[in-house]
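The primary structure of each chain is shown beneath.
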Amino acid sequence: MKVLKLLFSALLLSALLCGCTRSGIGDKVIVKAIFLDQTDQYTAHLLVLEATPSADAGSAAEVTTFLTGKGASLYRAIQQAEDSTVSDVFYGQNELLFLGPGLQQADLFASCDYLAKNAASGRPNMAVFGIDAAADRIPLLEESGKDFLDHIDQLTAQGCYLTYLYQMTAPDQNAVLPLLHLKEEGGVQTAGLRVYQNGQAAGIWTGPAVGLAMLLSGQDQIPPLELQAGEEGPVTVILRSPRLSYECLPEEGTLTLHIRLTGHVQQVLGAGGLYQKEERQQILEQLNRQMETVFAAMQPDAFGPDWDLFFWENRFRNQNDALTLQMEQEGTLFEPVRVRFSSRLKSV
Amino acid sequence: MKTPLHPVLQQNIDQLKQMFGNSIDLYAKPVQVLGIDCCLCMFEGLSTIERLWVVLLNMLCDSTFQPKDGQDLFRYIQAQTDLPVENNPVTDFDQLRTQLTAGTTVMLIDGCRKAVVLSTQNMQFRSVQEPSGEGNVRGSHEGFTDLLRINVSLVRRLIRSETLTSEILVCGQRTKTEVALLYDRTLASPQLVQAVRKRLELVPLPVLFDSSYLAPFLQRGSFSFFEEVGYTERPVTACAKICEGKLVILVNGSPYAMVLPYFFSEHFQSLDDYSTKAYFASFIRILKYGAFFMAVLLPGLFVSIAEYTPELFPPQLLYKIAAAETATPLPLFLEMILVIVLLELIREAGLRLPKAIGHSVSLVAAVIVGDAAVKAGILSTPIVIAAALTTISMFVIPSLYEPATVLRILFVFVGGLFGPFGILGLLFIMLASICGMHSFGLPYTTPLVPWGGGAVRDGLLRAPWSTLAQKPFDVSELPGGKIEYD
Amino acid sequence: MTERIQIAPQQLALLAGVSLFTDAFIQPFGRQSGTASAQMGILATACQLLIWYGVFLLLRRKAGSRQNQFVCGLLLPALLLAAGLELIQGERFYSYVMDKNLAVAAFVGIVLVTAYYGVHSGMNALSRTASAILAVSAVSVVFLVVSVVPQLRFTNLQPAAPGLADLLAALRRQFYLPPELFFWAFLLENTAAPPKKVHAPAVFLGLLSVSSLFFLIGEMTLGPAYQTQEQPLFTIARLGGISVFRRLDALHASVWLLLFLVKITLYFAMAVHLAQQLCPALGGRGPFFLVSAGVLLVFLSAWSQQENTAFWLLQAALAILLLTILLIPKKEPAK
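Residues numbered from 1 in each chain as written. Chains lettered and ligands numbered in written order. Predicted model: local features only at pLDDT ≥ 70, side-chain atom pairs only at ≥ 80, totals over all residues.

Student: It is not clear to me how the overall build of chain C should be interpreted in this structure. Could you clarify?
Tutor: A count of helices and strands for chain C gives 12 helices and 0 strands. For chain C, the residues scored as buried account for 50% of the 335 residues in total. Excluding contacts between residues fewer than 6 apart, the proportion of contacts in chain C whose partners are at least 24 apart in sequence is 85%. (Helix = DSSP H or I, 4+ residues; strand = E, 2+ residues; numbered from the N terminus. Buried ≥ 20, exposed ≤ 12 C-beta atoms within 10 Å, placed from the backbone. Contact = placed C-beta atoms within 7 Å.)

Written as structure tokens, this is what we have:
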């Protein structure tokens, strides 16, 4: 009992002396997105949410604002942005990282590595996007910051390629960066995928390659595909339950990875409107061939001696590790014929 | 040393009056019964004069017996009449005091060292009613009263087996309160019974008005937030505990029966559990466990999360809490303490006030605390909601209200001052405290920890009656410890 | 250890198991140089546990009357070192996982208060507390797995051909002798009738299962990035979310810190028990204060400075203790 009294007195004393001085949640601004770019120096914009004070939480409103900082290093730029407000900057719920055009061309992986290791700046599950807006355009979003965030939410809900920060910190520096186009009115739309090999930008995938890349990376919700239906012109194809199946088979002393796309064509929308079932059947073969063509164009960027964006080598090694190593040494592993793609979409 | 009765009537009367300080309610009427000088003694209000006179007059009219002396009269009344006399006559002033305060009439007889005890009790007491707490939908709605003998009879009425044993002891040096110890002698451990009886006999209480006074002397070990004994107002519950091999202690003047040994999981059991379907009873039990931990941990966790780890809040909630905290003058954890203390004041006021104005208190509290304080920016809605949720959760397990209230405040303190690690430290201490307790030799957390079959049978969940009936629960079969008493 | 701690073998096994489990949740900082791939990690862990089991069996066989003052005198400083290092690990982990840090003095103070309470509650209370905390940890693991299920990819598993040299290297990196093996064996043999069933295989199998699960979900989620993580399980916890709760890592870390509290309290309990044996003149709370002083000394000396040295000292002490027990001849009972 004596010990308890002592404990309680100590607690009470601590409460009276030091409990009131710590800054609380009300002194924080909540970071919702980080924009980084590099031109002659690093620029950091932090899109933060400030809540208008209200004891009745139900009538609280949120106001978005930008904190901007520039510096010779990423650290200094972020530091300056943080110092531009008296409140504490809270990164705990930040899930978005946007990299400007300058950073996309240089220092991308070093920056991502820094952010991943710096626990204060966010979480390794930040979704990373490349954005085509230069650093000076970003603060113009201040008034429509909430709308911008809503657009991003909608985009991810509808299905877009997602790359997370921890994926950008892999030692091999191979990655796929989803690109966004910032519209004049503040909206966003996807603008393809930039492929990085050994830390260098190697190409951009657009159109149906984006959907295929999403399937290859294991995401199962893909946006509508823009394909060509021959004479019919461009069509928009919505797939239902698209799935990739993988089979690594030994063939004549080597291994071949067969990737098969299956699923159902649920809707096809062309210039003349929605295609009926018979019309969909007629163009099905063309759609399948086109998907195979798209894959063939992607393959060299996806699978090479020093890059393996979709971990196909693991599939070879799981089948026969020794043979895979032998093929790698002989240089035959990365031949285009080693990975065969076939599309077997059906109509609903 | 007990003072025996004198053979001289007047000496007995004088000593009796002196013993009770010439109290105004002591009725001592000298009479002649069949020619022998006697004195009828009783306390007004405890015994009825009308009944006494009818009983005695009847005998006087019909009897033709002529006693030679007082002892002859005593023998005649004690053994040869159909008067409602007690089996054991009074032979000393200690017994005289006991019988008189029990509401009987004692007839002192001149020339006899023994006195006859007539059962003429007619004391006013609260009737058997539904108790205010321990509400249930099905099952008996009777509750214990304040009178020990009535309470014992309520138990006897429900357990009609010959193995139900009741012992009477006297505790309280000033109040000499009767205490009944009830148990099933084929189920209760004899060592436990003996140990409890011994402790009851040695209880150094000056006064005893409720069964809870005995608890500190029956429990052992150092301070703990939780008690090793339980209480019930319902005879049905007491009987169920007796049938599990437990002991029930009833105290004269208290409607609360004490049950021992008592385990942590029993706080989450109720009468309705056994009347409803097993799946629903299990669901309610799990809800109660959740409610307890929510009641204890929620305020402290809320404060700790808000101050130290706000990322745990959903994004939509985070800015609302931030807005609320910015608008109010106090830090979150002091605000939480304030609201908890306010709620406790309201609860205490509601308990102590007359029922007529108790409702007004609730209304005033709801309006002032819930609405005006928020509008004035003194308190914030998230804190009020968290505190209210906590209080409502606590009402689900009223028997744990006291430890939960204090622990709740402690958790707020440590959560506000030290953050998550403070909460963890106190949680560890609380768990160690509960797990380290023994209720008369058995681990207090039985059958949950160590996990035994009883946890699914009738602990965390409740098995159907078809399973429960196959092997009735017996406290001596619980795992986890060797039964040791003293 | 002449005086006996009364605790059932099952409860003792649970206590030792929970203490050993802690290192699966909270990876010791700096002690290991890089995380092996999942396949290698699982194999190395299996080898490590096999060695531990062998050591445990040896200790059981050779303990008993070898528990003399010399052995106790060696085990006590080892335990103080272990407790001090564990305190450092706990503090470092807390600083690592929490954005808002707690003052070191406050952290150490809370640990000492909880250890004090745990020690004086007794081993039985501690084992019951440990089982409750283990149940909560199991729930945490279930939630963790559920939260990262959308990000699990079988293709992320690195198919490494397990060569013996690689396996030995991985084992050498991660192997260490835990003091739990010693006092587990001693406490078992210190009863009037040493029990036959001690549940050790169940404990080690459980450890292997849990470690394997963590290796697998770690690599399946993080892929090649897994091997660069200092606290891979915590990184995975930071990734996952359930419904509107996007960040549950602080919750998971808090549950794991409960395991840390159990472990350090166990170390304190054993150290206090040994101190009582070695210094019977110390009564009341004296042994606890003595142990606390020793642990604080280790903490202050080693924190951020000589942690590696302290760790190797601990390993050396335990190795010497093991050799001592194996080599000292068994005392013949007096005729």
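Student: How do you make sense of the confidence of the model for chain C when you look at a structure like this?
Tutor: A low pLDDT score tells you not to read the predicted coordinates there in detail. All names here are of chain C. Averaged over every residue, the pLDDT of chain C is 84; residues scoring 70 or more account for 90%. Within chain C, the lowest mean pLDDT, 84, falls on helix H6 (residues 164-174), and the highest, 93, falls on helix H4 (residues 104-121). Among the prediction metrics, the complex's ipTM stands at 0.92, with pTM recorded as 0.86. (pLDDT = per-residue confidence, 0-100.)

Student: Any chance you could explain the interface of chain A and chain B here in plain terms?
Tutor: Contact residues are listed per partner, giving 27 residues for chain A and 30 residues for chain B. When contributions to the side of chain A that touches chain B are tallied by element, the ones reaching two or more residues are helix H1 (2-18), strand S1 (28-38) and strand S2 (42-51) of chain A. For the side of chain A that touches chain B, the leading source of residues is H1(A), giving 4 residues. Split into classes, the residues belonging to the side of chain A that touches chain B amount to 14 nonpolar, 9 polar and 4 charged. (Nonpolar A, V, L, I, M, F, W, Y, C, P; charged D, E, K, R; others polar.)

Student: What am I meant to see in the pairing of strand S5 (residues 164-171) of chain B here?
Tutor: Within a regular strand, the side chains alternate between the two sheet faces. Residues and elements named next belong to chain B. Bridge count between S5 and strand S6 (residues 177-184): 8 bridges; the pairing is antiparallel. Following the sheet pairing, Ser-166 is matched in S6 by Leu-182. The turn joining S5 and S6, which pair antiparallel and follow one another in sequence, is formed by 5 residues; a positive phi near 90 degrees is taken by Gly-172. (Pairing = 2+ DSSP bridges.)

Student: Explain the packing of helix H2 (residues 38-62) of chain C against helix H7 (residues 180-189) of chain C to me, please; I cannot follow it from the model alone.
Tutor: Angle between the axes and distance between the axes: these two values describe a pair of packed helices. Residues and elements named next belong to chain C. Where H2 meets H7, the axes come as close as 9 Å, and the angle between the chain directions of the two elements is 35 degrees. The chirality of how H2 crosses H7 is right-handed. Seen from H2, the contacting residues are Trp-52, Val-55, Phe-56, Leu-59 and Arg-60; seen from H7, they are Leu-181, Phe-182, Trp-184, Ala-185, Leu-188 and Glu-189. (Axes fitted to C-alpha atoms, helices over the stretch in contact; angles between N-to-C directions. Left-handed = near helix turned anticlockwise from the far one by under 90°.)

Student: Looking at this model, I keep getting lost on the confidence of the model for chain A. Mind explaining?
Tutor: Per-residue confidence for chain A gives a mean pLDDT of 85, with 93% of residues at or over 70. Of all helices and strands in chain A, the one with the weakest mean pLDDT is H1(A) (65), whereas strand S5 (residues 96-99) of chain A scores best (93).

Student: Even after reading the chapter, I still don't get the interface of chain A and chain C, so can you show me in this structure?
Tutor: Quite often, the size of an interface is put as the accessible area lost when its parts meet. The interface of chain A with chain C comprises 20 residues on the first partner and 17 residues on the second. Considering each element in turn, the side of chain A that touches chain C owes the most residues, 4 residues, to helix H8 (residues 312-319) of chain A. Here the side of chain A that touches chain C is composed, by residue class, of 6 nonpolar, 8 polar and 6 charged.

Student: I'm lost on helix H3 (residues 70-80) of chain B in this one. Help?
Tutor: Structurally, the α-helix is built with 3.6 residues per turn, so residues lying three or four positions apart point the same way. Residues and elements named next belong to chain B. The set of residues buried in H3 consists of Gly-70, Leu-73, Phe-74, Tyr-76 and Ile-77. The buried side chains of H3 occupy one side of the element, clustering within an arc of 165 degrees when seen end-on. The exposed set on the far side of H3, more than 90 degrees from its buried face, consists of Ala-79 and Gln-80. Structurally, H3 contributes buried residues whose contacts are with strand S1 (26-33), strand S2 (36-43), strand S3 (105-109) and strand S4 (116-118). (Arc of directions from axis to C-beta.)

Student: Can you help me understand the domain arrangement of chain A in this one?
Tutor: Residues and elements named next belong to chain A. According to the domain assignment, chain A consists of domain 1 (27-206) and domain 2 (218-348). Between the C-alpha centres of domain 1 and domain 2 there is a distance of 32 Å. Contacts between the two partners involve 12 residues from domain 1 and, on the opposite side, 11 residues from domain 2. Counting only elements with at least two residues in the side of domain 1 that touches domain 2, the list comes to strand S8 (188-197) and strand S9 (200-205). Among the elements that take part in the side of domain 1 that touches domain 2, S9 stands out by supplying 3 residues, more than any other. Broken down by class, the residue content of the side of domain 1 that touches domain 2 amounts to 6 nonpolar, 6 polar and no charged. (Domains from an automatic or database assignment.)

Student: Explain the pairing of strand S8 (residues 247-251) of chain B to me, please; I cannot follow it from the model alone.
Tutor: Residue and element names in this part refer to chain B. The element S8 is largely enclosed, with a buried count of 5 among its 5 residues. Here S8 shows a buried face lined by Leu-247, Ile-249 and Val-251 and a second buried face lined by Val-248 and Leu-250. Sheet analysis places S6 next to S8, joined by 4 bridges and oriented antiparallel. Looking across to S8, one finds that Val-179 is bridged to Val-251. As judged from the 3 bridges shared by S8 and strand S9 (residues 257-260), these two strands associate in the antiparallel manner.

Student: What should I look at first to understand the environment of Pro4(B) in this one?
Tutor: All names here are of chain B. Inspection of the secondary structure assignment puts Pro-4 in the segment before helix H1 (9-19). Under the C-beta neighbour-count criterion, Pro-4 is labelled partly exposed, with 14 such atoms within 10 Å. Taking the C-alpha atoms as reference points, Pro-4 and Trp-53, separated by 49 residues in sequence, lie 27 Å from one another.

Student: Can you walk me through the nonpolar core in this structure?
Tutor: Most often, soluble globular proteins have nonpolar side chains that are buried together. Counting residues in each nonpolar core, the largest one holds 310 residues, and the members touching the most others are Ala213(A), Leu79(C) and Ala271(C). In terms of residue count, helix H10 (residues 249-278) of chain C provides more of this core than any other element does, 20 residues in total. Non-local contacts of Ala213(A), meaning those with residues more than four positions away in its chain, are made with Tyr161(A), Val176(A), Leu193(A), Trp205(A) and Met298(A). With 28 residues, the next largest nonpolar core counts Leu16(B), Leu40(B), Val106(B) and Ala115(B) among its residues. (Core = buried A, V, L, I, M, F, W, Y, C linked by C-beta atoms within 7 Å.)

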